[in-house]
Amino acid sequence: MSEAGTLEQPLERQQAAASSASRRFAVSGSTLLLGFVLPVGAALAYEAAFRFGLVQARLLPPPSKVGSTLWDLARSGELSTHVIATMTRVLLGFGLGALVGMLLGALTGSSSTARKLLDPTLQALRAIPSLAWVPLFILWLGIFENSKIALIATGVFFPVYLGVMAAIANVDRKIVEVGRAFRLSKTALARRVLLPAILPDFIVALRSGLGLGFMFVVAAEIMGASEGLGYLLVDGQQLGKPDQILAAIIAFAILGKIFDWLLVSGSRPFLTWQDSHSRAA
Amino acid sequence: MLILDHLSKIYPNGTRALGDVSLDVGSGEIVALIGGSGCGKTTLLRLISGLELPSLGAVSVDGEKISAPHPAVGIVFQEPRLLPWLTVAQNIGFGLDHLPKAERDARVDEALLRVGLAGYGPRWPRELSGGQAQRVAIVRALVTRPKALLLDEPFSALDALTRASLQDHLLALWDSHRPTLVLVTHDVEEAVALADRAIVLQPKPGRIFADIAIELPRPRDRLSQDFAEAKRQVMSALDGSLTQPQPSTQNSKAQAAGWW
Ligand SMILES: Nc1ncnc2c1ncn2[C@@H]1O[C@H](COP(=O)(O)OP(=O)(O)OP(=O)(O)O)[C@@H](O)[C@H]1O
Ligand SMILES: [Mg+2]
């Protein structure tokens, strides 16, 4: 549920989260290793307890079992089928949701007429839990890919929309005035002043959107899919294979982390100018 | 060259910031606007720059009426307002987008050299001191070679030593193309050190109280008798501007205490 929490947080807190995240990437190797101590230690302890017969591993298989299941799935090519299915859905849904969120956010952020016209409706729609749309999406778009992608896009849309709108509306008037004093046209002002000014917030919005994208791909796949990591979860449950469930969860964690890392490191070259607290730390 | 014709400004909230200001500034002249806090100096500058429109009256530059920011008029704000995502060099070249790159780079390098910041081009604004940032802001406005440059208390956030050296920098910059300068200041010494004319403003609503010519030769010796005399003259006009309206003695005393 932590992703759901992100959506509700005020922007400052999201920013704080993002800047602490970017600090995480800057830490030295030894600090990085420190982060592994707890999970690796716990895994080793559990493995040892299993080997010495101290625990019954029927419901919680030992790490070695999960690892070998993951390995088997990877070797048979099954894992890549599922990963590709899930990734395709996330990418399409995220792309669609982020694009529409960005466009509408830019519109309502820059024009108060558009904000008065559109924002109340969008806020009302946001109050609806996205999963409530599922029956309608299935009726409208069928049970296959389209309804899944629509659900993911809906989840991604709101944080991106809100983030972009707030970022544009909050651009410092003083900075905008510099652009006006140099007689920038509307498009030049958007390109040379507004865009760079909102970029940090925009990345944060994309990251929250991506988090929700992953949350909703699981929901979509659990509700009915014949492939995808979410399908592996359900399949593991129905066949009583907790090792397969754990393998899928681990694959989700790795995928999510990789995507987030790609977003952050892809945007970093454009943000070296930032005068943020985390840089000094 | 710069003509303010019966300017009035009433803000949307009803504040009457300026009432009937008329002023004629010659080409290459340096004019200091001085007056108590809230007497409309910033408002006046914003009207001249075209960032704000007058409620009544008009501003014209070389006979051309100002209704939006004009290429012949540059402005330096009270804060440097550098764009944090551009390097120092890119900030200075911000208004030179229309020039070919070679010429732009040449002007930027020359500007950096003139304000003693050679080699600072690739730095980020966050890596500058306050005084350095303000120097960058001044040359950012000057590299477009405006005919008039407006400066709103550009040095007020700096210590006395830095301020004096930046005043010298400003005069040196002015000397190369001789633009008209309109400088808002709180500081009588600054007005006398730089200006050909000190315009003393009076509050509520803002209007001109006195127009004092400062006819000292440049470079000016801040310790000379004449300098002290000019300072005294401006100072007493300033005092007058604050006590003149006399709605009640108590009120004007409070204003006098708060003028700086
Ligand atoms: N945007 C605004 N809306 C309404 N009133 C304003 C606005 N800006 C300034 N004022 C009012 O107009 C008057 C003149 O303000 P202005 O900023 O021009 O003063 P100033 O002489 O620059 O003062 P200071 O020396 O403190 O900077 C003040 O009474 C102020 O409260
Ligand atoms: Mg002011």
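Note on numbering: residues in each chain are counted from 1, in written sequence order. Chain letters and ligand numbers both follow the written order, the letters beginning at A and the numbers at 1. Thresholds applied to this predicted model are a pLDDT of at least 70 for local features of residues and 80 or more for the giving and counting of side-chain atom pairs; totals over whole chains, interfaces and linings are not thresholded and use all residues. The side-chain numbers reported here are obtained from all heavy atoms of the structure, hydrogens and water having been left aside.

Visitor: What should I look at first to understand the packing of aromatic side chains in this one?
Guide: A pair of Phe, Tyr and Trp rings is counted when the ring centres sit within 6.5 Å of each other, with Trp represented by its six-membered ring. The angle between the planes then sorts it: under 30 degrees is stacked, over 60 is edge-to-face, the rest tilted. Tallied over the full model, the rule gives six aromatic pairs over all chains. Residues Phe182 of chain A and Phe94 of chain B carry aromatic rings whose centres are separated by 5.6 Å and whose planes lie at 75° to one another, so their mutual orientation is edge-to-face. You can see Phe182 of chain A sitting in the loop between α9 (173–181) and α10 (186–222) and its partner Phe94 of chain B sitting in the loop between α2 (88–92) and α3 (101–114), one on each of two chains. The same class applies to Phe182 of chain A and to Phe94 of chain B, which are both buried. Look at Phe214 of chain A and Phe259 of chain A: their rings are 5.7 Å apart centre to centre, the planes differ by 80°, and that puts the pair in the edge-to-face class. Here Phe259 of chain A lies in helix α12 (residues 242–267) and Phe214 of chain A lies in helix α10, a separation of 45 residues in the sequence. Exposure classes here rest on a 1.4 Å probe applied to the protein chains alone. A residue is buried below 20% of its type maximum, exposed above 50%, and partly exposed in between. Given a relative accessible area of 10%, Phe214 of chain A falls into the buried group. Among the aromatic residues, those joined into a ring-pair cluster are Phe157, Phe158 and Tyr161 of chain A. Strands here are runs of E lasting at least two residues and helices are runs of H or I lasting at least four, both read from the DSSP assignment and numbered beginning at the N terminus.

Visitor: Even after reading the chapter, I still don't get a nonpolar patch on the surface, so can you show me in this structure?
Guide: Residues and elements named next belong to chain A. Surface patches are defined over residues having more than 30% relative accessible area and no salt bridge, joining like charges when they lie within 9 Å and nonpolar side chains (Val, Leu, Ile, Met, Phe, Trp, Tyr) when within 5 Å. Note that accessible areas follow from Shrake-Rupley with a 1.4 Å probe, and for residues the cover is restricted to the protein chains shown. Counted as salt bridges are all cases of a side-chain nitrogen of Lys or Arg within 4 Å of a carboxyl oxygen of Asp or Glu. The grouping of Leu32, Leu33, Phe36, Val40 and Leu44 at the surface amounts to a nonpolar patch, some 520 Å² of accessible area in total. As for its position among the elements, Leu33 is in helix α3 (residues 29–51). Since its relative accessible area comes to 58%, Leu33 is described here as exposed.

Visitor: I keep staring at the sheet that holds strand β2 (residues 16–25) of chain B and nothing clicks. Help me out?
Guide: Sheet strands pair via backbone hydrogen bonds, and the direction of the pair is either parallel or antiparallel. Residues and elements named next belong to chain B. Pairing between strands is defined by DSSP: at least two bridges between them are needed. Taken in spatial order, the four strands line up as β2-β1-β4-β5 in an open sheet, and their pairing is antiparallel. Strands at the two margins of the open sheet, each flanked by one partner only, are β2 and β5 (64–65). Pairs of residues are marked as contacts when any of their non-hydrogen atoms sit within 4.5 Å. What counts as an axis is a line fitted to C-alpha atoms, over the stretch in contact for a helix, and the angles between N-to-C directions run from 0 to 180 degrees. Docked against the sheet, helix α1 (residues 41–49) engages β1 (2–10), β2 and β4 (56–61), running at close to 120° with respect to β1.

Visitor: Explanation requested: the interface of chain A and chain B in the structure shown.
Guide: Taken residue by residue, the interface counts 21 residues in chain A and 21 residues in chain B. Buried surface area refers to the total accessible area, computed with a probe of radius 1.4 Å, that the two partners give up upon joining, counted for both partners together. Together, the buried faces of chain A and chain B total about 2000 Å²; carbon and sulfur atoms form 64% of this surface. It is Phe182, Arg192 and Trp273 of chain A in chain A that bury the most area against chain B; as a group they hold 33% of the surface buried on that side. Summed over the shared surface of chain A and chain B, the result is four salt bridges. Taking the shortest distance from any N to any O, the salt bridge between Glu177 of chain A and Arg46 of chain B comes out at 2.7 Å. Nitrogen and oxygen atoms within 3.5 Å of one another constitute a polar contact, given that in protein one can donate a hydrogen and the other can accept it, and given that sequence-neighbouring residues count only through two side-chain atoms. Connecting chain A to chain B are ten residue pairs in polar contact (both at pLDDT 80 or more). Put simply, the parts of the chain that give the side of chain A that touches chain B at least two residues each are α9 and α10 of chain A.

Visitor: What exactly am I supposed to notice about the pairing of strand β7 (residues 148–152) of chain B here?
Guide: Note on strand geometry: in a regular strand, side chains alternate between the two faces of the sheet. Residue and element names in this part refer to chain B. Most of β7 sits inside the fold, with five of its five residues counted as buried. By the alternation rule, side chains of β7 split into Ala148, Leu150 and Asp152 and Leu149 and Leu151, which are all buried. Note: strand β6 (residues 73–76) against β7, four bridges, orientation parallel. By the bridge assignment, Ile75 is partnered in β7 with Leu150. In this sheet, strand β8 (residues 180–185) lies alongside β7 in parallel orientation, the contact comprising five bridges. Following the sheet pairing, Leu149 is matched in β8 by Leu181. Remark: the β7/helix α5 (residues 160–177)/β8 crossover connection has right-handed handedness. Orient the strands so they point away from the viewer; a crossover is then right-handed if the path from the first strand over the helix to the second runs clockwise.

Visitor: Would you explain the confidence of the model for chain B in this entry?
Guide: Low pLDDT marks stretches whose predicted atomic positions should not be read closely. Taken over all residues, the pLDDT of chain B has a mean of 89, while the share at 70 or more is 93%. Across the interface, the model reports ipTM at 0.85; the global pTM reads 0.79. Known as pLDDT, the predictor's per-residue confidence is scaled from 0 to 100.

Visitor: Whenever I open this one, the site of ligand 1 confuses me. Can you help?
Guide: Residues and elements named next belong to chain B. Neighbouring residues are identified by heavy atoms, a residue being near a molecule or strand if any of them is within 4 Å of it. Taken together, 14 residues lie near ligand 1, and Ser37, Gly38, Lys41, Thr42 and Thr43 sit nearest. Gly38 places a polar main-chain atom, nitrogen or oxygen, 2.8 Å from an oxygen atom of ligand 1. Taking Thr43, its side chain carries an N or O atom lying 2.5 Å from an oxygen atom of ligand 1. Considered on its own, ligand 1 offers 630 Å² of accessible surface; in the complex 64% of this is hidden by protein. Top element by residues in the shell around ligand 1 is α1. It accounts for three residues. Each residue belonging to the shell around ligand 1 can be placed in one class, and the counts come to three nonpolar, nine polar and two charged. Three categories are distinguished: nonpolar for Ala, Val, Leu, Ile, Met, Phe, Trp, Tyr, Cys and Pro, charged for Asp, Glu, Lys and Arg, and polar for the others, with Gly belonging to the last.

Visitor: How do you make sense of the sheet that holds strand β9 (residues 197–202) of chain B when you look at a structure like this?
Guide: All names here are of chain B. Pairing in this open sheet of six strands is mixed, and the strands run β6-β7-β8-β3-β9-β10 from one edge to the other. A single partner strand is all that each edge strand has here, and the edge strands are β6 and β10 (207–213). The mean angle between the axes of side-by-side strands here comes to 20°, regardless of whether they run parallel or antiparallel. As paired elements, strand β3 (residues 30–34) and β8 share five bridges and run parallel to each other. Note that in β8 the partner of Val31 across the bridge is Val182. Taken strand by strand, α1 contacts β3, β6, β7, β8 and β9, and its axis lies near 155° from that of β7. Running over the sheet, α5 touches β3, β7 and β8 and is turned about 160° from β8.

Visitor: Please explain the packing of helix α5 (residues 78–110) of chain A against α12 of chain A as it appears in this structure.
Guide: What describes two packed helices is the angle between their axes and the distance between those same axes. Residues and elements named next belong to chain A. Two elements in contact, α5 and α12, have axes whose closest approach is 12 Å; the angle formed by their N-to-C orientations is 40°. Our classification of the angle between α5 and α12 gives oblique. Relative to α12, α5 is oriented so that their crossing is right-handed. Listed contacts from α12 to Val83, Thr86, Met87 and Leu91 of α5 are Phe252, Leu255 and Phe259. With respect to orientation, any angle under 35 degrees is reported as roughly parallel, any angle over 145 as roughly antiparallel, any angle of 65 to 115 as roughly perpendicular, and every other angle as oblique. Two helices that cross are described as forming a left-handed crossing if the nearer one is turned anticlockwise from the farther one by less than a right angle, and a right-handed crossing if clockwise.

Visitor: Help me understand the environment of Pro61 of chain A, please; the structure alone is not making it clear to me.
Guide: Residue and element names in this part refer to chain A. Checked against the element boundaries, Pro61 lands in the loop between α3 and α4 (63–75). Sequence separation between Pro61 and Tyr46 is 15 residues; the distance between their C-alpha atoms is 9.4 Å. Residues within four places of Pro61 in sequence aside, it is in contact with Tyr46, Val66, Pro242, Asp243 and Leu246.

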